[in-house]
Amino acid sequence: MDRWGTLVLAYKTLGVVFGGLVTSPLYVYPSIKFLKSPTEEDYLGIFSIIFWTLTLIGVVKYASIALKADDQGEGGTFALYSLLCRHMNIGILSSKRASTNSSLSHSMDEVTKKQSKLGIFFESSVVARRVLLFVAILGMCMLIGDGILTPAISVLSAMDGLRAPFPSVSKSLVEALSATVLVVLFLLQKFGTSRVSFLFSPIMGMWTLTTPIVGIYSIIHHYPRIFKALSPHYIVHFFLRNGKEGWLLLGGTVLCITGSEALFADLGHFNRSSIQIAFFFTIYPSLVLTYAGQTAYLIKNPNDHDDGFYKFIPTAVYWPIFIVATSAAIVASQSLISATFSVIKQSVVLDYFPRVKVVHTSRSKEGEVYSPEVNYILMILCVAVILIFGDGKDIGNAFGVVVSLVMLITTILLTLVMIIIWRTPCGLVALYFSVFFVMEGVYVSAVCTKIHEGGWIPFAISFFLALIMFGWFYGRQRKMEYELTHKIPLDRLGMLLSDPSVQRVPGLCFFYTNIQDGLTPVLGHYIKNMKSLHKVTIFTTLRYSLVPKVAPRERIVIKKLGLKGVYGCVVHYGYADSLNLDGDDFVGQVTASLRVHIQNCSDGRPSSPMEIQEEISDLEQAKQAGVAHVRGKTRFYIGKSCSWFDRIMLAFYELLHNNCRSALPALWVPLPQRIEVGMLYEA
């Protein structure tokens, strides 16, 4: 991308990536549990903490280091985990599945030759792999929790500006108005963000420009010497003077860095240079000047911290700033809601989450998705958070838990990436880990003291989501292991079809399987009981690769299986690809690829023109006779020999599996063409 293209992209990031981060001045000071009589030195210490938190975590950790740890251009905690999986056999995908992607298997072979001791430890320890998986999933769930709390605290903090000019406006009315705004916002999600996205960047651009201007005015008018607080010794003096009370106050100051995870998680929508340019030259200076202006005002008005944003706005520009603040809060909410949809979609695609309906709201942007179930659950939770915990401090406490834990999880995963993949010198790794783990660990310890004051909300939500994701993934992996162990090889299929009692019936059958080197055990169960198989049967595998998109020419791979009328088909998809094909369109694409494969004799076996024509004719006749899509509907049989862990996790998986959507509706397969074959897998 050329220089101007990068600058345009950097401008667009304002409305998507930085919504949560740049609007944090709305609620940081109101969320802080302040000292009884804060002094000038206390405020200077607080500003110094905010400045160095933004600098170290925002500038150094995320903008300078984390953005380099992308996975095929994608960012976030899941990208870090999948990046580790690329370089260790710890598996999002089993080795059988990973080998289907040549570039992936090549990179795996290259790295395993020189594996680090830590990488060998993770490969050999089942417990370590499960802990790492659970940590990565917990980080993703915390981001979803962010999608619940950001709309609530952003809109509530912005609407709270009505109470200053109109003291008669009650908190209940502000909460009701905020809830109404959020309900409207969630109801509009089904139309997609692209129709209003052109408004996002100008709104955030106005916010990013106007708040530092007000901040500069406040600095000049109230306390021009505010920048002396950039010296870290003010932090030391603050904690020496206030002790435990100063430590507890960190639960509010951590909110200054909220939204920083989106800076990393939204990397796939833009690129590293555009995000860095926007952050270094607009967002970071804007935040520093805004917080400096707020602090300068509070030094002269020390008891106004409960409304630390709107009180420092000059009367002459109050209403324009209020309008911009409310608009910016809604935009910030939208960015986290969209990020939540994307995270859920990626989780569903990679079998981390039970299948939910995912709708693509843009024909040109594959990443713009909407999930009705997720949308309405988010709406209910957001409104419930506002109406039940209307106090901004309670929501701030909950928000602080999300922010601090996501940062800590990212630090842990980044450290593993440095050691296992980048092979960073031990001294630099130790410096990075000690600085950020200690810093973020202190923040986590401070917010954990507020678990009983609202901090339990996101932790409970995230833990429950993580349990769902881990239970689903564990069940899917156990099914995969059973199928690989009990798969039917081709010679066994040949023996089954050679049985005189087994008939080849007219029609075209798509038999869905998760196995490539062999066939699903459901096939043997089907043939033994039905005593038949369609004349043309295509064993179809939907294969999700750890890449955003798969090239169209590489999407459908056909091969002959050595038996008459029996073929294998692998449909490759990346986690940013759409599966929403029309059923007939899908059949047409596969049969067209099969026809070309037959004509080209791609398996290298010599065929006469007559044999080729006969094979194509059989395919056309089978298609005209009727199409059937067969999939196994398998369940675990949990016997007495199972361990207590398997009993609990597999029973939980069965509960999830029985209440989620089928895998076939993603291809829009017509109902009359679907056949489900039940079978029990012994756990």
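Definitions and cut-offs
- Residues numbered from 1 in each chain as written.
- Predicted model: local features only at pLDDT ≥ 70, side-chain atom pairs only at ≥ 80, totals over all residues.
- Heavy atoms only, no water.
- Helix = DSSP H or I, 4+ residues; strand = E, 2+ residues; numbered from the N terminus.
- Contact = heavy atoms within 4.5 Å.
- Axes fitted to C-alpha atoms, helices over the stretch in contact; angles between N-to-C directions.
- Parallel < 35°, antiparallel > 145°, perpendicular 65-115°, else oblique.
- Nonpolar A, V, L, I, M, F, W, Y, C, P; charged D, E, K, R; others polar.
- Patch = residues over 30% accessible without salt bridge, like charges linked within 9 Å, V, L, I, M, F, W, Y side chains within 5 Å.
- Areas by Shrake-Rupley, 256 points an atom, 1.4 Å probe, with all protein chains shown as cover.
- Salt bridge = Lys/Arg side-chain N within 4 Å of Asp/Glu carboxyl O.
- Expected span 1.5 Å × (residues − 1).
- Buried < 20%, exposed > 50% of the residue type's maximum accessible area, 1.4 Å probe, protein only.
- Arc of directions from axis to C-beta.
- Phe/Tyr/Trp six-rings, centres within 6.5 Å; stacked < 30°, edge-to-face > 60°.

Engineer: Just give me the short version of the environment of Ile 344, but keep the residues and values in it.
Structural biologist: Examined against the element boundaries, Ile 344 turns out to sit in helix α16 (residues 318-349). Separated by 11 residues in the primary sequence, Ile 344 and Arg 355 have C-alpha atoms spaced 9.4 Å apart. Not counting residues within four places of it along the chain, the set of residues in contact with Ile 344 comprises Ile 144, Phe 353, Val 356 and Val 374.

Engineer: Could you give an account of the packing of helix α20 (residues 456-485) against helix α26 (residues 644-658), naming the residues involved and the relevant values?
Structural biologist: Running from N to C, α20 and α26 cross one another at 100°; their axes reach a closest spacing of 8 Å. With respect to their mutual orientation, α20 and α26 come out roughly perpendicular. For the pair α20 and α26, the contacting residues are Leu 467, Ile 468, Phe 470, Gly 471, Trp 472, Tyr 474, Gly 475, Arg 476, Arg 478 and Lys 479 in the first and Phe 645, Asp 646, Met 649, Leu 650, Phe 652, Tyr 653, Leu 656 and His 657 in the second. Looking at the contact of α20 with α26 residue by residue, the class counts come to 11 nonpolar, three polar and four charged.

Engineer: Hey, could you go over a nonpolar patch on the surface for me, with residue numbers and the actual values?
Structural biologist: Side chains of Val 184, Leu 188 and Phe 191 sit close together on the surface and give an oily, nonpolar patch of about 270 Å² of accessible area. As for its position among the elements, Leu 188 is in the loop between α10 (171-187) and α11 (197-222).

Engineer: So what about α10? Which residues, and what values?
Structural biologist: With 17 residues, α10 extends 24 Å between its outermost C-alpha atoms, agreeing within 8% with the 24 Å of an ideal straight helix rising 1.5 Å per residue. Every buried residue of α10 is listed here: Val 174, Glu 175, Ser 178, Ala 179, Leu 182, Leu 185 and Phe 186. For α10, the angular spread of the buried residues around the axis is 135°, confining them to a single face.

Engineer: I'd like a rundown of helix α21 (residues 490-498), residues and numbers included.
Structural biologist: Those residues of α21 not exposed but buried are Leu 493, Leu 496 and Leu 497. Considered in projection along α21, the buried side chains sweep an arc of 95° and stay on one side of the axis. Facing away from the buried side of α21 by more than 90 degrees, the exposed set consists of Asp 491, Met 495 and Ser 498.

Engineer: Any details on the side chain of Thr 540? Residues and values, ideally.
Structural biologist: The residue Thr 540 is located in strand β4 (residues 532-545) in this model. Here Thr 540 is in contact with Phe 510, Phe 511, Tyr 512, Thr 513, Cys 569, Val 571 and Phe 586, once residues within four sequence places are set aside.

Engineer: Describe in detail the pattern of salt bridges, supporting the description with residues and values.
Structural biologist: Scanning the entire structure with this criterion turns up 10 salt bridges. Where Arg 478 meets Asp 646, a salt bridge forms, and the shortest distance between an N and an O atom there is 2.8 Å. Of this pair, Arg 478 sits in helix α20 while Asp 646 sits in helix α26; the two residues are 168 residues apart in sequence, bridging distant segments of the chain. You can call Arg 478 buried: its relative accessible area is 16%. For Asp 646, a relative accessible area of 13% translates into the label buried. For Glu 615, the salt bridge is made with Lys 560, and the minimal N-O distance between the two is 3.3 Å. Residue Glu 615 is found in helix α25 (residues 609-625), and its partner Lys 560 is found in strand β5 (residues 556-560); the two are separated by 55 residues along the sequence. Here Glu 615 and Lys 560 have matching classes, each one buried. Via salt bridges that share partners, Arg 478, Glu 481 and Asp 646 belong to a single interconnected network.

Engineer: I'd like to hear about the environment of Ser 662, residue by residue, with values.
Structural biologist: As for its position among the elements, Ser 662 is in the loop between α26 and β8 (674-682). With a relative accessible area of 23%, Ser 662 lands in the partly exposed category. Setting aside chain neighbours within four positions, we find Ser 662 in contact with Arg 355, Arg 631 and Glu 676.

Engineer: Go over unusual backbone geometry, please, and point to the residues and values.
Structural biologist: At Arg 423, a residue that is not glycine, the phi angle is positive and equals roughly 55°. The topology assignment puts Arg 423 in the loop between α18 (392-422) and α19 (426-448). With a phi angle near 55°, Lys 531 is a residue other than glycine that sits in the positive phi range.

Engineer: How would you sum up the packing of aromatic side chains? Please name residues and give values.
Structural biologist: Evaluated as defined, the whole model comprises 28 aromatic pairs. Summarising the aromatic geometry, the rings of Tyr 482 and Tyr 681 are spaced 4.2 Å apart at their centres and angled 20° between planes, so their arrangement reads as stacked. One end of the pair, Tyr 482, is in helix α20; the other, Tyr 681, is in strand β8, and 199 residues separate them in sequence. As far as the burial class goes, Tyr 482 and Tyr 681 line up, both buried. Counting every residue linked through ring pairs, the aromatic cluster contains Trp 207, Phe 309, Tyr 310, Phe 312, Tyr 318, Trp 319 and Phe 322.

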